[in-house]
Amino acid sequence: MVKSRGKRRRSSSDSTGKGLRTPSKKSRNGQSEAHKEQRKLLDDNSVFGQLMKKAGFVLIAGDMANELNVDQTVFHRDLNKTIKRHSDYPEVLEEFISALQEHLEDPVRLKYSLLPTLTSSECESSRGSSQDSMLKLLLGIDLLQPLLANLLLEKLPEFTEEDQVFDHSHGINIPHLIMNQFRWLDRVVKSKDLVDKMFEVIGITSIDIQREMITCIPEVVEDFEHGEVARQLKDLLQQDSQLTVPILDALANLNLRTDLMAEVRLSVLQMLPSAELDDLPVVVKFILQTVTPSDALEVISDVRSNLDFQGSFLPASTSTQKNRHRNRSSTDQDKGSEVLTLDAIRSAIRFQKCIAEGWVKAIENVSTATEHKVIDIFVLLILHCTGNRKKMVESLVRNKIRAGHFNEELLQATFSLHGQVVRDYFTSILSLAEVLLRSPELPISLFGCSLYKQAFMSFDLYCQQEIVGSLVTHIGSGYAGEVDSSLDILSDLVESKPSAMAPFAIFIKGVLDYLDNLTIPQIRKLFSMLSNLAFRNNHDGSLIQDDMHIVIRKQLSSNTAKYKRIGVIGAIAIIHNMAHHSKTVTQTDDQSESLSTSTMSNDNYKQVISLLELVRSSSSKMPETAALFFDELAAVIQKGDINPQVEASISESILADFQDDFIVDIEGDKPTSDGGMPLELMYSLEEEQDNEGGIAVNLIPLLEKMEKLKQHSIVFSKETKEEERNVSPICLSPHFRLLRICEQIEHNNDLEGIDALLGCPVLMFPEDYVDKMESLSVPEKQLVCSTLFYTLNWFREVINAFAGQTDTEMKGKVLSRLQNITKVQKLLEKCLAVTPGYIPPLANFDTENNESTSVPGGPSTSGAAAKKGRKPKGKKGAAEKENANQTCNDSVLNTTTNTQTEKDSPVKNNTPDTDKASVNLTNYRAFFRELDIDVFSILNCGLVTKAVLDTEMHTKETTVLQIQPPQLEFLLEDLTRKLDHALIASASKRRTFLKTRGDKNTGFSHLDHHSPAEIAKKTVKLLPSMCDHLESASGFFQALIADNDGIMDGPGMHTEEAQLMARCFQLLLQALMSLFSWSGFVVSENKALLKTALGVLTSRIKVTGSSQTSYQELLKQSIQYLENFSTTVTNITSAVLLTKLLVALSERSDTQEFGPKIAVLSETFLKREWLGVDGQKEKGAKYNESLQVLLKVYFSYSNDVLVAIETLATTGVPELINSDKNGCSDTFPTLTRNSFPSFYRLMLTELVDIIKKFPVVKASDSDPVKVQRLIRWNMAIKILHIMVNLIKVFDARTNLNSILKYGRMFVEVFVRLGMPMLDNIFRHHREDVQGLLKNLQQSTRALQHMCSHSKVLKDVSLTNHVPPLKKCLETFVYRVKAMLALHKCHEAFWIGNLKNRDLRGEEILSQVSRVETDGDDDDEEDEELPDDDDEDSDVAMDEESVASNETDIQQGDPVNEISEVY
């Protein structure tokens, strides 16, 4: 069948050939005359011409191709025979080449000698219409090849100019054609000579010809010559960077030994930083192609460190369409280089597993944020989109964000400089952003937010649509943290890119259908976005305006409070954007006002006013909704971008209504209560009010009126307009807030028009009425509690208003109001303690009902409130009288001996009161008004002089006021909460998916209007005063310590005053830690702010300005300043805060110079004995947690972690063992029997972590290096042996859990890292290896006993560790056996039956019967190494030692055993 098929194929081709050949002949015959004239044979009578003609080659003259009358194979045969049979052979070869050389002198003949040869029509059978060129045919003849190759190569230097290189008539590159003759030769004769000739010619030719020759070298070199050629190419690479690409292409095609390839790769790596942009893809591809699994990490780390995308590539084009066309060539070139480089990396990752693992490990090993590069983001995206590595990449990114290594600045560099390139990985970016945004950890979620925002601002319309769609999907997830993050992103994009977001308004509007699933703050963000897009965008906004109005009016008309609140929030958002006025005019006030009025049309003004009236009328029947209206409107006006005309209209109505609703004039008669409660004008700051009359806050009458309404369910008729308003005291504070903000905006922050409200009294019961609380009825008790809550919230709002005023008298009144707050809080604690089940009135109205109507903690006898202490009545006057005698230079916290006596005496008198049931007001935090961030400017107040004039207006009496410790504590508690909420640290608390307490995030509505950067700036301004208070508190304790002759825990340390100062000291440290731990300081925009903050700290000990000091010196001085406070730290919580603060500052440095100081400080704290408030030793879970922080810092910053662990294990623990039951270590007093589990677990954790970082020993390492690493492993194994033996004394379950877990991890790491080291050094350090394995074997035996002991106890938490531990120990045994077999010592290894023993070494009885049947089998599992002299004696000796060890374990004392270990 095959033959017949072949015959059919030939007959078909013959017939086809005849059919084709006939017309061809006719055409030639028809043109025979013309063809003869054009086709002229070359008359060449030389040896070359004769031999060629005889072999069937036709040389054509003129500008026409040569012809061949036969197939090229026949030509090879005939010419070879002709030459060999020539009479002058072999001299004829020289003559042939000489004639050929003359023939090639003609440029035309040279060209056609290099071009394919035509097949003559006279040829009966050939492979095609054209065949190889004449020179290629001649190179195929072995006799001619060496001489002809030399001839052609020597001709190349002639081509130096472009006119000589190219034949412009046909666009032919002559040198390229010459080098092509050497490619794909059937056989190369004398390849070494040919290659040498090529290298010789390379030095004298042009760059283009050199490239041609280098790429041709692999085609002609023999395999055994590859090494020598590679060395020559490597030398050439170092000489001329222009030849990088051809040389690397040639090297990639050579088969080289591993060591030679490593040598070549090293030289390529060295020139990587200076490589040209166009050459970079080839360089990276070559390096990654030559990587082996053993050196992948090292090579990739070098590539990563030398490949700087940010420095070498130009920014991606973001120009207009016209500019983009003009600059397309350069931009495309830059983009092409980036893409090709990343393609080379992606190709290597896809086809070589070790490359992917190497990149991951290289990125993991980067330890600081400044070391990370844009290439890291690119590689992670490549890894994410190739293979099944998504989970691994996501985990790595999360870990990097937690450590603070990945930040927003890195993202900005990636997207701003390489936006077009990173667009190719959009799918991976979107997937990664979705995962990060869902994270419960705030830093990770914020990084996901940044990823979304950067992608939106850098990509095209399609990608933007996908991003918005993904964010809307996040909003529908139902998880509060995810919804908040998504809304924040969309809000930022609407503010920064309104025109880009406008087309997607319809996407966001769809969320309005799911308002029931959103919280009030989330709804506020949503309406703010939609109203911005609808009313401030001129193009697409009108599409959703009607929908917005419909939704708002529908919600406002609802009788349900929830929906009415939604309507209020939406309406205020619409009003804000309809009446929005941008401050663009900087002329006089009149000009500004006239222009701003003209920018708003009359129709818009009427719409805004009508909508305001609609909202107020619809919310007036519900006090909570009305209060929310006031708060929302105040927040909008406070932004300062409302049209002045609208603002003036609001201000007029607000002032009049407030006076009518809440303020009464003080008449001569004493006010009375309808319910029989005594009424007085309390907390008045106006001395002359009794004589001249004045105003007061009408609190109790309003409350009684509201109670009557609730009890009798009175429904007012519409006839009485006053009753229809239904005024509630709930609106007192919100209404006043709106009033004072309107005043501030209208009068440029001047509040003189309403300054009477600062000092006016409150119409309420006298303070001694609280003492009768137990005899009152339940409604009366609740009325008293409500009155106190309203009073506190009124005072807090008054402080919000007047804290920023510069008038001295106002400052004094603000401080007095602060003292009123602390006094009323004490009264409230007493009242709440005897009023169980009481629910306070709402104070924050932007939360759900169920979040604020329940109290997390009710009255208790825990004494939590007693920590704050109770000050007697009249203390304020005593303090003022004493403070009047102080000088202005005294500290704000300075307290004399007299005041201390005054504070101590009432504590003794009130001792029985502390035993009464009391409450902690922190549980009621959601029912207090929020303090503004500007309130903390009060901390800057030192001594304030308050002037009092007599009736004749000429006598002046001065009273000096200053902030006292109780008020300082009150302010600092609120400040630390705000900083903790706003300034996110790199390692922050996690958000939970579970439902949390509603009050946890309540009270930050005003704070959330400020960005973290703004809050950080305000806090930095407070730093000088915070340092003043910190130094004052430290000075207070220094004085106490000096009075106690240097004893830290003397008699005065546990007084109420000292505890109050200690809390202030602790809160100050916490505020500083929150500030300096803020992750925003890593962004370049905030570097100047950080330097300013450090300059404040530095100025406390050094006069030089921060501008004259380097950043590193500022850090050093700041740490030194804070370190000075370590001597006055009184409790372990403050010690932990101070340590964390120093750690946060040290992390801002690029060096490790502050590590030893921090280690010494933490060690000092560990060596102190900490006492609690009651004067007893600290203990408990929180205390142990604090110890773990100190211990972790101590180990992390020690010069040698192993030495630190060994010191603790060999010094502290034996002292604890030898002490009594309640004793402690003498060196480390914090190490007690209660705290030992925390120490033990952390020591094991650090031990495992440090051995993981031991470098892998390589065969190329020097002998001293190997010995040093063997010593380190010996030390680690010794520590493990100590830790294992400690279980015999401290056999608690937690300790057993720790050793079973971390003991297994230690052995696993040793098998992975330690055993390869032993393989390398066994031959030269036999005895050292033997000793190391024997030491480790003792620990593995003890671990086996612990496994048996865990089974006897039948404790699930312990037995869960047994299977993996036993598997690990078995792996270790056989790994040792493999090492011995490798070194031909396998006969020294045997395995015996292991008896089950408990922790004491005693045999478990359940195993005795079975073991006895086993006869005299060995009772231990041994891996022994042969001795040089006598192998058997060594084994016998070891068995004896094992037996003696067992005897000691059974009969010895555990304490002695532990001491023997050391």
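None of the values given here were measured: they were computed from a predicted structure. (Residues numbered from 1 in each chain as written. Predicted model: local features only at pLDDT ≥ 70, side-chain atom pairs only at ≥ 80, totals over all residues. Heavy atoms only, no water.)

Focus on the overall build of the protein chain
Helix and strand counts for the protein chain stand at 66 helices and 12 strands. Counting the 1462 residues in the protein chain, one finds 51% classified as buried. Here the protein chain has roughly 67700 Å² of accessible surface; of this, 49% comes from carbon and sulfur atoms. (Helix = DSSP H or I, 4+ residues; strand = E, 2+ residues; numbered from the N terminus. Buried < 20%, exposed > 50% of the residue type's maximum accessible area, 1.4 Å probe, protein only. Areas by Shrake-Rupley, 256 points an atom, 1.4 Å probe, with all protein chains shown as cover.)

Describing the packing of aromatic side chains
Inspection of the entire model under this criterion finds 30 aromatic pairs. Judged by centre distance (5.6 Å) and plane angle (50°), the rings of phenylalanine 629 and phenylalanine 630 are tilted. The buried category is assigned to phenylalanine 629, whose relative accessible area is 3%. Among the aromatic side chains, those forming a connected cluster through ring pairs are Phe789, Tyr838, Tyr924, Phe927 and Phe928. Over the ring of phenylalanine 1228 we find lysine 1167; its NZ or CZ atom is 5.4 Å from the centre of that ring. (Phe/Tyr/Trp six-rings, centres within 6.5 Å; stacked < 30°, edge-to-face > 60°. Lys NZ or Arg CZ within 6 Å of the ring centre and 35° of its normal.)

Quick notes on a negative patch on the surface
Taken together, the side chains of Asp88, Glu91, Glu94 and Glu95 present a region of like negative charge at the surface. Positionally, aspartate 88 belongs in the loop between helix 4 (72–84) and helix 5 (91–104). (Patch = residues over 30% accessible without salt bridge, like charges linked within 9 Å, V, L, I, M, F, W, Y side chains within 5 Å. Salt bridge = Lys/Arg side-chain N within 4 Å of Asp/Glu carboxyl O. Lys, Arg positive; Asp, Glu negative; His and termini not counted. Charge placed at Lys NZ, Arg CZ, Asp CG, Glu CD.)

Quick notes on the pattern of salt bridges
All told, the structure shown has 43 salt bridges when counted by the stated rule. Within this structure, Asp631, Arg737, Arg740, Glu797, Arg929 and Asp932 form a network of salt bridges that share partners.

Some details on the side chain of threonine 1139
Position of threonine 1139 among the secondary structure elements: in helix 54 (residues 1132–1146). Judged by relative accessible area, which is 1%, threonine 1139 ranks as buried. Residues in contact with threonine 1139, not counting those within four places in the same chain, are Phe1165, Leu1190 and Val1193. (Contact = heavy atoms within 4.5 Å.)

A word on the confidence of the model for the protein chain
Scored by pLDDT, the protein chain comes out at a mean of 78, with 78% of its residues at no less than 70. For residues 860–917, every residue scores under 50 in pLDDT, and the model assigns this stretch 70 contacts once sequence neighbours within four places are set aside. Low pLDDT, under 50, characterises residues 993–999; the stretch is placed with nine contacts to residues that sit more than four places away or in other chains. (pLDDT = per-residue confidence, 0-100.)

Considerations on the nonpolar core
Judged by nonpolar contacts, the single largest core of 419 residues is most densely connected at Leu138, Phe182, Ile345, Trp794, Phe1076 and Leu1318. Ranked by the residues each element gives to this core, the list is headed by helix 60 (residues 1293–1321), at 15 residues. Every residue in contact with phenylalanine 1076, bar those within four places of it in the chain, is listed here: Leu1023, Phe1081, Leu1090, Ala1093, Leu1094, Leu1097, Leu1141, Ala1144, Leu1145 and Arg1148. (Core = buried A, V, L, I, M, F, W, Y, C linked by side-chain atoms within 4.5 Å.)

Description of unusual backbone geometry
Residue proline 90 is bonded to the preceding tyrosine 89 through a cis peptide linkage, with omega at 10°. Along the chain, proline 90 turns up in the loop between helix 4 and helix 5. The phi dihedral of tryptophan 184 is positive, around 60°, even though this residue is not glycine. The exposure class assigned to tryptophan 184 is exposed, which follows from its relative accessible area of 72%. The backbone of tyrosine 683 sits at a positive phi, close to 60°, despite the residue not being glycine. The residue tyrosine 683 is located in the loop between strand 8 (680–682) and helix 39 (689–692) in this model.

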